[in-house]
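Secondary and tertiary structure notes
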There are 2 protein chains.
Amino acid sequence: MKARLFCWMIAMAGTALTPVLAPVAQAEDGYDLWLRYPPADQARAPVLAAHATAIVAAGTSPTLTIATQELQRGIAGMTGTTPAMSATVQQGALLLATPASTPALPVKTDGLGAEGYAIRSATVDGKAVTIIAANSDVGLLHGTYHWLRLAQSGTSLDKLDIRSAPKIGLRLLNHWDNLNGTVERGYSGQSIWDWWRLPDWKGPRYSDYARANASIGINGTVLNNVNAKADSLTAPYIEKASALADIFRPYGIKVYLSVKWTAPMELDGLKTADPLDPQVAAWWKAKADEIYKAIPDFGGFLVKANSEGQPGPQDYNRTHADGANMLAAAVKPHGGIVMWRAFVYAHDNPDDRAKQAYTDFKPLDGKFADNVIVQVKNGAIDFQPREPFHPLFGAMPKTPLMMEFQITKEYLGQSTHLTYLGPLFEETLDADTYAKGKGSTVAKVIDGSLEGHKLTGIAGVANIGVDRDWSGSIFNQADWYAFGRLAWDTSLSAETIAKEWAEMTFSPDQKVVQPVVKMMMGSREAAVDYMTPLGLAHVMDTGHHYGPGPWVSDLARPEWNPVYYHKADANGIGFDRTKSGSDAVGQYAAPVAKLLANAKTTPERDLLWFHHVPWDYRLKSGDNLWDGLVHSYDRGVTYVADMQTTWTSLKPYVDAERFAETEAFLTIQHREAQWWRDASIAYFQSVSKRPLPAGSAEPAHDLNWYKALKFPYAPGHN
Amino acid sequence: MKARLFCWMIAMAGTALTPVLAPVAQAEDGYDLWLRYPPADQARAPVLAAHATAIVAAGTSPTLTIATQELQRGIAGMTGTTPAMSATVQQGALLLATPASTPALPVKTDGLGAEGYAIRSATVDGKAVTIIAANSDVGLLHGTYHWLRLAQSGTSLDKLDIRSAPKIGLRLLNHWDNLNGTVERGYSGQSIWDWWRLPDWKGPRYSDYARANASIGINGTVLNNVNAKADSLTAPYIEKASALADIFRPYGIKVYLSVKWTAPMELDGLKTADPLDPQVAAWWKAKADEIYKAIPDFGGFLVKANSEGQPGPQDYNRTHADGANMLAAAVKPHGGIVMWRAFVYAHDNPDDRAKQAYTDFKPLDGKFADNVIVQVKNGAIDFQPREPFHPLFGAMPKTPLMMEFQITKEYLGQSTHLTYLGPLFEETLDADTYAKGKGSTVAKVIDGSLEGHKLTGIAGVANIGVDRDWSGSIFNQADWYAFGRLAWDTSLSAETIAKEWAEMTFSPDQKVVQPVVKMMMGSREAAVDYMTPLGLAHVMDTGHHYGPGPWVSDLARPEWNPVYYHKADANGIGFDRTKSGSDAVGQYAAPVAKLLANAKTTPERDLLWFHHVPWDYRLKSGDNLWDGLVHSYDRGVTYVADMQTTWTSLKPYVDAERFAETEAFLTIQHREAQWWRDASIAYFQSVSKRPLPAGSAEPAHDLNWYKALKFPYAPGHN
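Quantities reported herein were computed from a predicted structural model and do not represent experimental measurements.

1. Examining the overall build of chain A
Helices and strands together make up the secondary structure of chain A, namely 20 helices and 16 strands. Relative to the compact-globule value of 27 Å for 718 residues, chain A shows a C-alpha radius of gyration of 26 Å, a close match. A total of about 24900 Å² of accessible surface is found on chain A, and carbon and sulfur atoms cover 55% of it. Computing the positive centroid from 67 side-chain charges and the negative centroid from 76, chain A places the two 3 Å apart.

2. Some thoughts on the confidence of the model for chain A
All names here are of chain A. Per-residue pLDDT for chain A averages 94, and the proportion of residues at 70 or more is 96%. When the criterion is pLDDT under 50, residues 1-25 qualifies, and its contacts beyond four places in sequence or with other chains add up to 80 contacts. The complex model carries a pTM of 0.94, and its ipTM stands at 0.92.

3. What about the UniProt feature "domain: Glycosyl hydrolase family 67 catalytic" (unreviewed entry) in chain A?
With numbering aligned to this structure, UniProt lists the feature "domain: Glycosyl hydrolase family 67 catalytic" (unreviewed entry) at residues 152-470 of chain A. As annotated, residues 152-470 of chain A has a helix share of 27% and a strand share of 14%, and its two end C-alpha atoms lie 21 Å apart.

4. Observations regarding the domain arrangement of chain A
Segmenting chain A into domains produces domain 1 (43-164), domain 2 (170-506) and domain 3 (529-575 + 612-708). Averaged C-alpha coordinates put domain 1 of chain A and domain 3 of chain A at centres separated by 49 Å.

5. Notes on the side chain of Ser215 of chain B
All names here are of chain B. Relative to the helices and strands, Ser215 resides in helix H4 (residues 205-215). Among the residues examined, Ser215 registers a relative accessible area of 7% and is labelled buried. A distance of 2.8 Å separates polar atoms of two side chains, one belonging to Ser215 and the other to Trp34. Leaving out residues up to four positions away in the same chain, Ser215 has contacts with Trp34, Leu35, Tyr145 and Arg149.

6. A few points about the pairing of strand S13 (residues 401-406) of chain A
Residues and elements named next belong to chain A. Along S13, 6 of the 6 residues are buried, which leaves the element largely enclosed by surrounding structure. Judged from the 4 bridges that link them, strand S12 (residues 372-377) and S13 form a sheet pairing that is parallel. Looking across to S13, one finds that Lys377 is bridged to Glu404. The pairing of S13 with strand S14 (residues 457-461) spans 5 bridges and is parallel.

7. Quick word on the pattern of salt bridges
All names here are of chain A. Overall, the coordinates contain 76 salt bridges over all chains when judged by the stated rule. Between Asp161 and Arg120 there is a salt bridge, with the nearest N and O atoms lying 3.4 Å from each other. With a gap of 41 residues between them, Asp161 in strand S6 (residues 161-164) and Arg120 in strand S4 (residues 117-124) connect regions that are remote in the sequence. By relative accessible area, which is 56% here, Asp161 ends up exposed. Given a relative accessible area of 27%, Arg120 falls into the partly exposed group. Connected through salt bridges with shared partners, the residues Arg386, Glu427, Arg524, Glu525 and Arg605 form a single ionic network.

8. Examining the environment of Leu450 of chain A
Residue and element names in this part refer to chain A. Tracing the chain through its elements places Leu450 in the loop between helix H11 (442-446) and S14. The class of Leu450 is buried, set by a relative accessible area of 15%. In this structure, the C-alpha to C-alpha distance between Leu450 and Ala435, residues 15 residues apart in sequence, is 8.9 Å. When sequence neighbours within four positions are dropped, the list of residues in contact with Leu450 reads Ala435, Lys436, Ser440, Lys444 and Val445.

9. Here's the deal with the sheet that holds strand S8 (residues 220-222) of chain B
Residue and element names in this part refer to chain B. Pairing is parallel around the closed barrel formed by 8 strands, whose spatial order is S7-S8-S9-S10-S11-S12-S13-S14. With strand direction ignored, the average angle separating the axes of adjacent strands in the sheet is 25°. Sheet topology note: the strand S11 (residues 337-341)/strand S12 (residues 372-377) ladder contains 4 bridges and is parallel. What sits directly across from Met339, in S12, is Ile373. Where helix H8 (residues 320-331) meets the sheet, its contacts fall on strand S9 (254-259), strand S10 (300-303), S11 and S12, and the angle it forms with S11 comes to roughly 160°.

10. Examining helix H14 (residues 510-531) of chain A
Helical geometry note: an α-helix holds 3.6 residues per turn, so side chains three or four residues apart project in the same direction. Taking 1.5 Å per residue as the helical rise, H14 of chain A with its 22 residues ought to reach 32 Å, and the 31 Å between its terminal C-alpha atoms agrees with that figure. At Ser523 of chain A, H14 of chain A is deflected by roughly 40°, the largest bend along its length.

11. Re the packing of helix H10 (residues 422-430) of chain B against helix H12 (residues 474-488) of chain B
All names here are of chain B. Put simply, H10 and H12 touch, their axes get as near as 9 Å, and they point 25° apart. One element, H10, and the other, H12, form an angle in the roughly parallel class. Contacts between H10 and H12 pair Gly422, Phe425, Glu426 and Leu429 from the former with Asp479, Ala482, Phe483 and Leu486 from the latter.

What counts, and where the lines are drawn
Residues numbered from 1 in each chain as written. Chains lettered and ligands numbered in written order. Predicted model: local features only at pLDDT ≥ 70, side-chain atom pairs only at ≥ 80, totals over all residues. Heavy atoms only, no water. Helix = DSSP H or I, 4+ residues; strand = E, 2+ residues; numbered from the N terminus. Rg over C-alpha atoms; globule rule 2.2 N^0.38 Å. Areas by Shrake-Rupley, 256 points an atom, 1.4 Å probe, with all protein chains shown as cover. Lys, Arg positive; Asp, Glu negative; His and termini not counted. Charge placed at Lys NZ, Arg CZ, Asp CG, Glu CD. pLDDT = per-residue confidence, 0-100. Contact = heavy atoms within 4.5 Å. UniProt positions renumbered as here; feature names shortened; annotations may be inferred. Domains from an automatic or database assignment. Buried < 20%, exposed > 50% of the residue type's maximum accessible area, 1.4 Å probe, protein only. Polar contact = N/O pair within 3.5 Å; in protein donor to acceptor, adjacent residues only side chain to side chain. Pairing = 2+ DSSP bridges. Salt bridge = Lys/Arg side-chain N within 4 Å of Asp/Glu carboxyl O. Axes fitted to C-alpha atoms, helices over the stretch in contact; angles between N-to-C directions. Expected span 1.5 Å × (residues − 1). Bend = angle between axes of the 7 residues up to and from the residue. Parallel < 35°, antiparallel > 145°, perpendicular 65-115°, else oblique.

If you want it as structure tokens, here you go:
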């Protein structure tokens, strides 16, 4: 991120006045994310300066240097004064200390692990200081970012007594970035990995990426698409990955790679990719050795196999476990791990798509090597605006499972719609699997505490690209931020996180923060309302997934068609997943299955996910289902209009460029929410043959008009 | 471009000293191009301030506002003081004036046309001022940029008496940008046109694009690839183009579009695209009317037809003139023009590719409507590192011809090689066609003075993309800059332009400028030396055009193969274009043809373009051709190494980020120059069977090693 020169009034006795300075203000383009460190106001600046008079940090590691430079950058930005490094403790100093660097460290670091930190206001040698303590320099770095967050937010910096350590071990971004620079389901421009000019040129963006991630505790990144190319494992690409790993290492971030199952055949002409073939195992062992020679702390592999056309062990009549274990053996001597995705649904399996991953994986429980973790999407279909939690969570007690969330908004408005995902993440993490009775939350499954796993993880499909604002829009940055914060601490609330983010991204002034947080908190639900209300799912148009296509019924595979998911007809709508239908419900623990067995005890927000109900079905609101559906769409569109009103009111408080971008995107979002609503109603009305409830407007066009819309240039696709 | 807050010491009697400011310096990432306005040094800043105490500019047009804001931005950047707008003349003020705004304007604006300007130091009301005068506000804007260039360069601002007006009317960029965001032969990231989010969101980049172009006098831009999609002419895309046109208009920049010949059939189901069909003509008339309704000053169309698979009038047995004239009639009522490209070579024509454009177009001389201009590439093949000037220049006296240069470096090292194109442009413009005797330069053909044309033009295929530095590298920006400056004034020297650019882009300090200019001035010739010495051409590898492929002989069309161009065999090398060969030489005016008829009177740099000569042929240096060829390669590689040495010596004077980028790219360039040399020598040696001259090293690898290199992810291609 760019540091800036700041105007600072300095007094010099006796010098003549120079002409009045009329500064041209720094335009904000979003590049600085939540690490802007803008000048604090008149009241706050001296407080910050007084709590950061100097920095005491014994040691010269790259990580420690990064931490102290970040403190200097932040404090200089906020106060105009750069705190000097000091060898001795001073009044108001910041002390960064580990037990190794500082004998008799007055702050205990037990329980902080390798990445956690404590922040304590203390008196040392009679001087009031702030101690950031940790077991490692990476822990100090994390503590530094926490302190800077407090500094930016307006929180008191006195009497601090903070201890924070992550429970989840692997906190990763997954980049679906291709070697040709495109990003699958990416809406933020091309891939940030400039493979063509790596490793010779390492642009400044890489270290800014590392800073941003370190500031939210992300500690690993899978560089390449799960739909992998074998080329990623060739020597030139290993060298390029190594260059990135070198940049990320001092930030506490490891590098991982997605692998293509058939790499041994493609790269070295082996005749098979059977995991039990000794030659294949030897190839992977040699490949792992080669990678670790270049990247000694390489994290390991992510695998998409036997899914959506990707090759895998099942092509050789082996199981997922056979495949994973063979790879695991290759990386184990180096301390590496294998993340094996459970996102599977077979091309020739007529069973409910929502059931297939569980059906394939549950029998493999306990069969994976101890350095394998199975990566499970938050829900059983594919990142819909709302999905009930994946039935695998809690169902594989002997196997570590990690979460896969999608930060990039493939189904939630892509780059332009403001749909803060904090509530979506939170909803899944807080869901109760009842696997071991009440309180068996998904969070406890993935943090290992429910079932006693040490290998734990959470991954987010990144929304990052070369767009100047990184994530396609300013508000999309909040989703990246929220993912990181929840990965660090699943007990945080989405609202708290939104407040943190807004304070740093816009202003600590509550008259800005409150309306922004309010907009954000309801925005995901608004998208559910205008796209997929009441438990509907997978009603988007083909390929680009941009815009509504609930009518689509002509794709080759039944479970590619929206009609498969909503099953709307003259009588009703929804997918019967109870015993009278696919019995996907039976894959949940008994207390959950029991509730879901009955429409009346199913949460209404999941109603049509689990039940096929008549249009007359009476909702809690008193509406029948049809009217309730239409009202949901209306409510979603209205919410966006309300966001526009709120945002307009914030114009005096937000810099012009970022204001204008969000304003333009809200305009797009409102138009498109209306389109989702109108097209969906036009279609469902053609099926339900019901009149619209009073007060709901007719769609602007007829159904054929919506069906005819084509988007050959939609981004993120092909 | 970002304006910055600058620290400014202000005196306030009696105030206590605040802690010492340790500013964090502004990192430079290339975004500000040559419009950086960095703080001037201690000696210069007061001089600038004294010559810009205030700005007097009567009027409130958007253009005038842009000009005055640019002055304020520039002067604030360089001096720390923003000059105020003033209604009255002050000592040291800048006056912007047109005859319309300022009765009794003391500077005459005759002969300045609609875009030119004068800059004169004068005394008005007893006060020393600088007057920028023009016939229009756009002229004032151009004058403003000139003054700011002087300000940045360290030139005296006293006794100014400048008059400048462009001779060439159309000074255009051609973007080969596709609607899906890719850029054909683009190496600077994706297209800057964010079609997906236009017209709702107009990012800040568009106005910065306009500023950069206005600063070098570019007055038009063709938004879309000559390999056009009909979609560009549909209503949504016209609306998006209109949004861009609105942004560009006050900068004096018009918008143009490339058209696909078959648009009437694709968009509205017409059965033919025969230009003589009344329905087709009516379709284009209506389309033009539609475009002009949205964009009243739309420039017109650019057409690639019957070339490389693009459809065109010849598909209907009509001529290029038939096609051009039909389109011309459609835009003429609106003041529009048609640019019809002469880049043609037929798939089934066995004649020398270098002859075909002349053969097709010369018979059409005088047959084009008066608002048609034929666009001709600088040379007869395709933008090679060196090409003799195109034989059409001077050969179509009754037809306006415009130049097409390639700024993006498809064949000159793409994003990373430093190969300043000013000398390439200059070489072509200064070439003497002898069409009307000595002095019939290409420049005089295209500025209309040789043959008396009013419609005149020059186009550059843009090297612009979303890369932060716009052009893929810092030094690539110089090629964009040089194109603009030569378009404005073909009499400028490439060296003068390089000096201007270096002063603004790096520093006005001659100890920086001189080495930088020296590096730049020999760099294109170095690329010729290591890629295509002595008149060789088209020896690059297939498709991506990245890297050497002189051996390639397996492509479907003969004239796609490098072997077609060099025709190397055991006896010699080169393409006989004399009477004993293809007689392409005969297409030049007699004095030129006479010189080229004989190898001994052919400039040695074009030797193998025009002649097939034996390996023993004695060059002027005394070398035989084979040894001379090898020495050329060696010389090119050495030049790059020398650039590395020079650049390293400049490290103290260049900001870290831009220094590092150029350093890394020079590393790549040296490695690749060596590769070009080694691969070319390995191949040509396998044909010539000659030993290398003493002192020239053997290639690092054998020929098969070079042949096996594959680049599936090379940018800019597909």
